[in-house]
Amino acid sequence: MSRILHLSDPHFGTVDDRLVQPCLDLAHRMQPDLCVISGDLTQRARADQFRAARDFMARLPGPVLVVPGNHDMPLENLPLRLLAPFVGYRRAFGRNTQPQVHLPDAVVQGVNTANPLVWKSGRLRSSSVAQLRQTFAAAPKERWRVVVMHHAPVPAADGTPADIADPAETLAALADAGADVVLSGHTHMPHTGFAETAAGVLFLQVGTALSTRLKTGANDLALVTLGTGQITVESWICASGEEGFSAAPSVTYTRPGLEWQKLPNP
Ligand SMILES: [Fe+2]
């Protein structure tokens, strides 16, 4: 069993400072095997924002895997965005924007979906698909294959269409590469589920862990437990004005065959 703490979109520069310590305390109480931050570490890709994000990351327990989001590229400085979009990100988090982590029963591959040409929407590059194929093909069969990417190729919780180029093709590429579960952010709305066309891939989205840029009136994060044949997602919510995170009802998915099924709530 592996436990992954999934955070996203902290947007340092717009962080609600009151939430930082409660978030870190919760993370330390959970003692996950891995912490994941699925992009938009910063609000405007500024050096001080990257420094704050890196300092936060250093205070999380255990290994931490991060990938860039669109906000981690410069917005207004077009030449810099086109010529060196990840220079600030790399200074803070290292050269590799597609890191991987091996857990005892999962292999986790980060993917950089930030697209300097359009800034906001994402895209899954063919080189990233090749990386996923290689990583997952080399992993022992019984291990969970987990992708971390900022933009998901499935609609948001409120039905907003996926904000990524060629969602159907992206979905098919992830399924074909062997992904079991995909952790994403970007929408600032928590959501779990799978697409009819690729029901073997479970998509888990969280909202913003720390930012005041709320879409649902709350900050949230999730503890994802990769068990034997099933995945449980425990959401933790902090409603606007509150000063700590509280557990929401958890949801469990099982995959008896090729397709995921949601178990009825106990
Ligand atoms: Fe984003």
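Coordinates for the structure precede this section.
Residues numbered from 1 in each chain as written. Predicted model: local features only at pLDDT ≥ 70, side-chain atom pairs only at ≥ 80, totals over all residues. Heavy atoms only, no water.

### A look at the coordination of the iron ion
To be explicit about the condition: Metal sites are built from N, O and S donor atoms within 2.8 Å, or 3.2 Å for Na, K and Ca, and they leave out water, so they may look incomplete. Every geometry call rests on angle ranges, with four donors termed tetrahedral when all angles are between 85 and 135 degrees, four termed square planar and six termed octahedral when opposite donors are over 155 degrees apart and all others are between 65 and 115, and everything else termed irregular. In this text, helices come from DSSP runs of H or I with a minimum length of four residues, and strands from runs of E with a minimum of two, each type numbered from the N-terminal end. For each residue, the accessible area found with a 1.4 Å probe, counting protein chains only, is set against the maximum for its type, and the residue is called buried under 20%, exposed over 50%, and partly exposed in between.
In this structure, D40 (OD), N70 (OD1), H150 (NE2) and H186 (ND1) serve as the protein donors to the iron ion, at separations of 2.1 to 2.3 Å. One can describe the site at the iron ion as irregular: its four donor atoms subtend angles covering 86 to 164° at the metal. Sequence spacing of the donor residues for the iron ion, all on one chain, is D-x29-N-x79-H-x35-H. Here H150 is found in the loop between strand 6 (144–149) and helix 6 (167–177), whereas its partner H186 is found in the loop between strand 7 (181–184) and strand 8 (191–193), with 36 residues between them in sequence. Like H186, H150 is buried.

### A few points about the nonpolar core
What counts, and what does not: Each nonpolar core is a collection of buried residues, namely Ala, Val, Leu, Ile, Met, Phe, Trp, Tyr and Cys, held together in the definition by side-chain atoms within 4.5 Å. Contact criterion: two residues are considered in contact whenever any of their non-hydrogen atoms come within 4.5 Å of each other.
Counting 35 residues, the largest nonpolar core has L7, F56, L60, L210 and L221 as the members making the most contacts within it. Listed by contribution, the elements that provide at least two residues to this core are strand 1 (2–7), helix 1 (20–30), strand 2 (34–37), helix 2 (47–59), strand 3 (64–66), helix 4 (87–93), strand 10 (218–226) and strand 11 (230–239). Looking at this core, the element that brings in the most residues is helix 1, giving six residues. In this structure, L7 is in contact with C23, V36, I37, S38, F56, L60, V206, A209 and L221, ignoring residues within four places of it in sequence. Counting residues in each nonpolar core, the second largest holds 25 residues, with V36, W144, L202 and L204 among its members.

### Remarks on a nonpolar patch on the surface
Using the following cut-off: Only residues whose relative accessible area exceeds 30% and that form no salt bridge are eligible for patches; like-charged ones are grouped when within 9 Å, while nonpolar side chains (Val, Leu, Ile, Met, Phe, Trp, Tyr) are grouped when within 5 Å. To be clear on the numbers: accessible area is Shrake-Rupley with a 1.4 Å probe, and residue cover counts the displayed protein chains and nothing else. By salt bridge we mean one thing: a side-chain nitrogen of Lys or Arg within 4 Å of a carboxyl oxygen of Asp or Glu.
Together, L78, L82, L83, L117 and V118 line one region of the surface with nonpolar side chains, adding up to about 540 Å² of accessible area. If you trace the backbone, V118 turns up in the loop between strand 5 (106–111) and helix 5 (126–138). The class for V118 is partly exposed, based on a relative accessible area of 49%.

### Structural notes on the sheet that holds strand 9 (residues 202–205)
Strand pairing in a sheet relies on backbone hydrogen bonds, with the paired strands running either antiparallel or parallel. Applied cut-off: Here a strand pair is declared whenever DSSP counts at least two bridges between the two strands. An axis is simply a line fitted to the C-alpha atoms; with a helix, the fit covers only the stretch in contact. Between two such axes, the angle follows the N-to-C directions and lies from 0 to 180 degrees.
Spatially, six strands are ordered 4-5-6-7-9-8 in an open sheet, and the strand pairing comes out mixed. Edge positions in the sheet fall to strand 4 (100–103) and strand 8, since each of these pairs with one other strand and no more. Strand after strand, the sheet turns through a mean of 15° between neighbouring axes, direction not considered. Alignment of strand 8 against strand 9, held across three bridges, turns out to be antiparallel. Looking at the pairing, H191 lines up with Q205 of strand 9.

### Let's talk about the pairing of strand 13 (residues 251–254)
Of the two faces of strand 13, both are covered, the one formed by V251 and Y253 as well as the one formed by T252 and T254. As judged from the four bridges shared by strand 11 and strand 13, these two strands associate in the antiparallel manner. Its bridge partner lying in strand 13, V233 is registered against V251. Here strand 13 runs beside strand 14 (residues 261–262); their pairing, made up of two bridges, is antiparallel. Bridge pairing links Y253 to K262 in strand 14. Counting the residues that bridge the hairpin from strand 13 to strand 14 gives six residues.

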